[in-house]
Amino acid sequence: NARTGSPSNRTVATAFNVTVYATDAEFNTRTQDSTTSVTIAVTGEAFESSDSPITVGAGIATFSVTDNTAGSGFTVDASNTGSYTLQASSAYTVNPGAASRTIAILPGQTHVPGAATYGAAVTGTPTATNADNTFVATIRAVDSRFNTNSTFEGNITIDTTVDVDDTETANT
């Protein structure tokens, strides 16, 4: 293994560069290789984006990667059209961005962190209930890609203006 150091933590929706080297068995860069196509993917990240695939130039390919889902244990994996042995990166963590909005998740719905739109981030159909029944709605402060920001401090106001007989709990 020719890697040194550890990857630094990343932040959701912030691009960073990943460099892939085509090397021989002793980890010397194969500078004569300018034809192998390399594709990368982030294991555990459904919503990452990159400029993959890239053809190496002088044995090196540099990718711009943007992770959109907060979490830990992500690795960058490369595949290639050559005969190179593949090595994944060391694991790294992606932290959520600053809270920029709130979402409500009702019974019967599921939260999908990392999605680009509200419709993709909150899926499913709310469970029907009778007018006199109570239910729990989960309200989350989320970043631009709908990842929960657990460090948010502040009040969230719930207002159901359509139902004049509805009561909400106090702000928490």
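All of the points below concern the structure found in this document. (Residues numbered from 1 in each chain as written. Predicted model: local features only at pLDDT ≥ 70, side-chain atom pairs only at ≥ 80, totals over all residues. Heavy atoms only, no water.)

1. Quick word on unusual backbone geometry
Okay, so step 1: Cis peptide bonds are those with omega within 30 degrees of zero, and the linkage from S52 to P53 qualifies with 0°.
Okay, so step 2: For P53, the location among the structural elements is in the loop between β4 (49–50) and β5 (54–55).
Okay, so step 3: Within the chain, A58 stands out as a residue other than glycine whose phi angle is a positive 55°.
Okay, so step 4: Position of A58 relative to the elements: it lies in the loop between β5 and β6 (60–66). (Helix = DSSP H or I, 4+ residues; strand = E, 2+ residues; numbered from the N terminus.)

2. Details of the environment of G119
Okay, so step 1: Looking at the element boundaries, G119 is found in helix α1 (residues 118–121).
Okay, so step 2: Under the relative-accessibility criterion, G119 is labelled exposed at 57%. (Buried < 20%, exposed > 50% of the residue type's maximum accessible area, 1.4 Å probe, protein only.)

3. Brief notes about the sheet that holds strand β2 (residues 16–21)
Okay, so step 1: Taken in spatial order, the three strands make up an open sheet running β2-β6-β4, and their pairing is antiparallel. For this open sheet the edge positions go to β2 and β4, each flanked by a neighbour on one side alone.
Okay, so step 2: Taken together, the two bridges between β4 and β6 define a ladder with antiparallel strand orientation. Residue pairing across strands places S49 opposite T66, the latter belonging to β6. (Pairing = 2+ DSSP bridges.)

Function cannot be read off these values alone, since they describe shape.
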